[in-house]
Every structure is written in C-alpha cells, then in structure tokens.
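A closer look at the structure
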Amino acid sequence: MNHPRENNRQNAVTDSIFDHDHALPAPESPGDIPAELLRKTPLNLPNASELDVLRHYTRLSQKNFSIDTQFYPLGSCTMKYNPRIAHAMASLPGFARLHPETPAPAMQGLLQVLWELQEWLAAATGMAAVSLTPAAGAQGELAGVAMIRAYHHARGDTARHKMLIPTAAHGTNPASAQMAGFEVIEIPNLPDGDLDMEALDAHLGPDVAGIMLTNPSTLGVFERRIAEIARHVHAAGGLLYYDGANLNAILGRVQPGQMGFDVMHLNLHKTFATPHGGGGPGAGAVAVQERLKPFLPLPTVTKGESGALRWMTAEDAPRSIGQLSAHGGNIGVLLRAHAYIRRLGRVGVSRVSAYAALNANYLLKELQKLGYQAAFPERRASHEFILSVSDLQQATGIRALDVAKRLLDFGIHAPTIYFPQLVPECLLIEPTETESQATLDRFIAVMAQIREEALAHPELLREAPHHLPVGRLDEALAARKLDVAAALS
C-alpha cells in the first residue's frame, strides 16, 4: 500500500503534464492548408493498429525458409550458419555508431580490425595483398578482371582482349569479363570434370588476357591439372583469376596462390559466415599477387611509419582501378568475417573445409546407395556434388524441379537445380560443415522417400509442394507477371 504522501507526489506529477502550461500542441487545422491541396476523398490506406501490423509481418517471417530454422543444402552458395557472436561484435556501439567520415586518428579501432582482416585473408589465400571494398562477389569479379586489364595496359600489352572461361563456370564470370571489355571464349570440360587442356592450348596466344575459373569447379570436383593450366597460361602471357565461390572446400588446406592464381575474389558472405541472401549485403574482397598490388581498388588500410593506420588513397596508389563502393565497403559484413575468423583460429579454419568435404562425401555415398546417379561417379566430392535424376525422368517423367519442390514439404530448402547446365536434370548439393550428422541422415531419409514416391506415385512430386503457403507456380508466368500479393492471399 502506497503512503498518502507518495500518492500526492504522483498526482502532482500527473496533473503537471496536463495543466495549461504544459498542454500538448493542438493538431494542425486543415484551414492552414490551401483548399486546392486538400483531398476530396479519404486516402485509400489500411487502418491497422500497431499490434495488427506486428502480427502480420511476424506471420510472414514465419513462412520464410531460413538457415536458422531449416536445412539449406544450396550448392555453390555455402549457406552455412552465421554465428551470433559475429553479429554481436559487429553491433558494438564503437563500430555501429562510427560515422564513416570520422578522421583516421579517431577510428584506429575499426582500422585495426580491417587491417587484420586484410592480413588474414592474404595469408589464407597465399596472396600478397587484399582490398575489402567490393560490395559483392560479382563486384569482386569485376574488380579482378579490371585489374588484369589494367596490368596488361600498364605494360603496353593492349592486344589482349580475350578472356577464357570454362563451360562449367559461374554465370557471373562471363558477365563480369564482358563488362570489363573482354571477349569471352568458352573452354569445354572433359567427361571426368577436368578442363580440356587441348582446347585450352588451342586458344592461348598473344590476344588472351587470362582465364577465370574456380577450384574445385562448379562440377563439385577438384581440377587436378591446375598447376599445368597455370604454367600454360602464364607462358602465353596471361593471368589466372580465381572465383572464390568454392573456397569453402579448400580453406586452410590449399591456397589459390599455391595453385598459380594471380588474382581472386572471396565471398565473405559465403566462406566466412556473414549474412547471405535476400539481395545483400555482401562482400567480395579481392586478393592479388605482388605484380597486381598497385591496381587494387581503393580504399585499403595501410600502416604509416609511426604504426598509425589510415586509408590509402589515389595519391598513394595512382594506378588503382579506383573506388567501387562508398567508403570502406560493407563494414558490417567485414566485421562479422573478422569475428568469425578470430573465433575459429588457425586450427578451426582448416576444420571448416575438412568437415565440409566430409559431409559432402557422406551424403554422396549414401544417396548413391539409394539409387541416385552421381554426375561424376569416379570422382571424390569436394564440398558439393552433383546428382542427376535423368533416370527418373526417363522412367516416370519426374524432373529435378519436381524433386526440389517435394523437398520443401519436408522443411528442407531445395538445392540448386539445372546448374551447371551441362549435366541434365541435375541437383547441386552442398551440406556445408555446420550441419550435424543427424540433419544429414534426415535429408537422406527424405531423399529415399522422394525416390520411392517418384517411382510409385509420381503425381505427388508433380503437384508438390503440398504444405506451404504457396503451391506450385507457373515459373515462367511468375517471372513475367510477378504478383506477390495474390500469391500470399
């Protein structure tokens, strides 16, 4: 029971809020607005309470697939768990509230973190220097091929206008090369997954600027002749570009620099467990060997003679290809990558690729036992592998798309399908290192059931998914006439 004196004090405070001297401002009178600007009919907007809006968007979020709630075996995307400690570190007030135009002497803490990240990534990749500024993997690709072009032009070698790209490359590779002004020449892969060396040698010459590839390739196998490829390309005066999309397979065990690559990008939002998907944010840091260091995009962090850190500018690097993003790039993503690497340590980084490869090969062997066909049955999986369901298509008409749609009914996100295009009816599966054996075993059991359904009741797959808010869509029509509101109604 409150004391009477305390009640009097509370009443006095309440009364003071509403007395004449503290009256709330009166709403603006419509008379203050010119009549010709006033609406003649009410504005057609929903009149929902804050609670109704909150519940609406919460329900929508619960309908989404998320790495926090479901298994995401999304090949070539490395949809791994994002540790909460990395989010916490990136959200520290000293980072989150720091204005990007803060003078370098007042932001030494952030610059120290970014400088360390540059050094760690250079060590992990076997490269000489790193720029963190590209805002996505595709922008990192563009930076890489732009540096190759700048290098050749700086040497007066302006006749090199061709970029060689394997047929199994990521689709952004030829797009990035063309944006940088190169003519794209495709190099085929052999039936065992390796690059066709005869075709490569046939195209090498004084007009070739370089080759773009990733190792392991998008076929899920390690390019066994990579050292030979590097020797041939370098002998012809070209450079090697490494697409870092599959770095998760070799992290801590093999360095792209050891393979002979001159420049590469890293998907920090894949390999280094920062948020991924939904259109961003991303970070496509680029790493280079010594001869490409002068062309790195700006700004990068450098140490002065006194040990103080600062941003490197165009005055320091006049041959730089320039600035690709505002300020230092997507700082929040970079901070998460730093926290992730620091949490793992040197030994933990090597465990990433070890368990990624273990999980992939475990799934591959178990799914083969069920009757699924491996695209390259004689090859060991890297961190991902390709299955083909062309046998199901021939037997029942069931396609990779039908298998993918049916997986959604079991709370498992569909893997990449129909990529790479040279494998018919394919599923590109990547379990990542963060999934437990229990999760993998459940995926195997679900795939076993789906295969049985495909053979006995194929209509179940053709009409899937059955248990989601949105059923089977006409993909072509949905792409041309997108109507999200109708789909969710």
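It should be noted that the structure appears before, not after, this text.
Residues numbered from 1 in each chain as written. Predicted model: local features only at pLDDT ≥ 70, side-chain atom pairs only at ≥ 80, totals over all residues. Heavy atoms only, no water.

**Things to note about the packing of aromatic side chains**
As a reminder, the rule being used: Stacked, tilted and edge-to-face are the three classes applied to pairs of Phe, Tyr and Trp rings, where Trp contributes its six-membered ring and a pair requires centres within 6.5 Å; stacked means planes under 30 degrees apart, edge-to-face means over 60, and tilted covers the rest. Only DSSP runs of H or I with at least four residues qualify as helices, and only runs of E with at least two residues qualify as strands; both kinds are numbered from the N terminus onward. Buried means the residue's accessible area, taken with a 1.4 Å probe over protein chains only, is under 20% of the maximum for its type, while exposed means over 50%, and partly exposed covers the values in between.
Here the structure, examined in full by the defined rule, presents three aromatic pairs. Judged by centre distance (5.4 Å) and plane angle (80°), the ring pair of F71 and F443 falls under edge-to-face. With F71 in the loop between α2 (50-62) and α3 (84-90) and F443 in helix α14 (residues 437-456), this pair connects stretches of sequence that are 372 residues apart. Here F71 matches F443 in class, with each residue buried. Ring plane angle 90° and centroid distance 6.5 Å describe the contact between Y151 and F295, whose orientation is recorded as edge-to-face. One end of the pair, Y151, is in helix α6 (residues 137-154); the other, F295, is in the loop between β7 (286-288) and β8 (301-303), and 144 residues separate them in sequence.

**A closer look at the sheet that holds strand β11 (residues 385-388)**
Which entries qualify depends on this criterion: Should DSSP find at least two bridges between two strands, the strands are taken to pair.
Across the sheet, which stays open at both edges, the four strands sit in the order β10-β11-β13-β12 with antiparallel pairing between neighbours. Of all strands in the sheet, those with a lone pairing partner are β10 (373-374) and β12 (416-417), marking the two edges. As judged from the two bridges shared by β12 and strand β13 (residues 426-429), these two strands associate in the antiparallel manner. Paired with T416 across the strands is L428, a residue of β13.

**Quick word on the pattern of salt bridges**
Operational definition: Salt bridge, as used here, is a side-chain nitrogen of Lys or Arg placed within 4 Å of a carboxyl oxygen of Asp or Glu.
This structure, assessed with the given rule, holds 18 salt bridges. When the shortest N-O distance is used, the salt bridge between E433 and K80 registers 2.8 Å. In this pair, E433 sits in the loop between β13 and α14 while K80 sits in the loop between α2 and α3, placing the two residues 353 residues apart along the sequence. Among the residues examined, K80 registers a relative accessible area of 3% and is labelled buried. As a salt-bridge pair, D157 and R160 come within 2.6 Å of each other at their nearest N and O atoms. Residues D157 and R160 agree in their burial class; the two are buried. Three or more residues are tied together by salt bridges with common partners; here these are D192, D194, R224 and R379.

**Quick notes on the environment of S350**
Let me state the cut-off plainly: Contact criterion: two residues are considered in contact whenever any of their non-hydrogen atoms come within 4.5 Å of each other. Whenever two N or O atoms come within 3.5 Å, that pair is a polar contact, provided that in protein one can donate a hydrogen and the other can accept it, and provided that, for residues adjacent in sequence, both atoms are side-chain atoms.
Examined against the element boundaries, S350 turns out to sit in helix α11 (residues 331-369). On the basis of relative accessibility, which here comes to 22%, the residue S350 falls in the partly exposed class. Along the sequence, S350 and F443 sit 93 residues apart, while their C-alpha atoms lie 25 Å from each other. If sequence neighbours within four positions are ignored, S350 has contacts with L251 and G252. One polar contact links the side chain of S350 to the main-chain carbonyl oxygen of V347, over a distance of 2.7 Å.

**Comments concerning the packing of α6 against helix α7 (residues 172-179)**
Rules: The angle between two axes is taken between their N-to-C directions and runs from 0 to 180 degrees, where each axis is a line fitted to C-alpha atoms and a helix contributes only its stretch in contact. For classification purposes, angles smaller than 35 degrees are called roughly parallel, those larger than 145 roughly antiparallel, those between 65 and 115 roughly perpendicular, and all remaining angles oblique. The hand of a helix crossing depends on one turn: near helix anticlockwise from the far one by less than a right angle means left-handed, and clockwise means right-handed.
At their nearest, the axes of α6 and α7 sit 9 Å apart, and the two run at 45° to each other. Relative to α7, the element α6 is oriented oblique. The two elements α6 and α7 meet at a crossing, and its hand is right-handed. Taking contact as the criterion, the partners of A138, E141, L142 and V145 in α6 are, on α7, T172, N173, S176, A177 and M179.

**Details of α7**
Note the threshold: Directions pointing from the helix axis toward each C-beta atom define the arc.
Here α7 has its buried residues at N173, S176 and A177. Taken down its axis, α7 places every buried residue within 100° of arc, on the same side. The outward face of α7, more than 90 degrees from its buried face, is lined by the exposed residues Q178 and M179. Against α6, β2 (162-166), β3 (183-187), β4 (208-213) and β5 (239-243) lie the buried residues of α7. Looking at the residues trailing α7, positive phi occurs at G181, about 95°.

Structural measurements only, silent on function.
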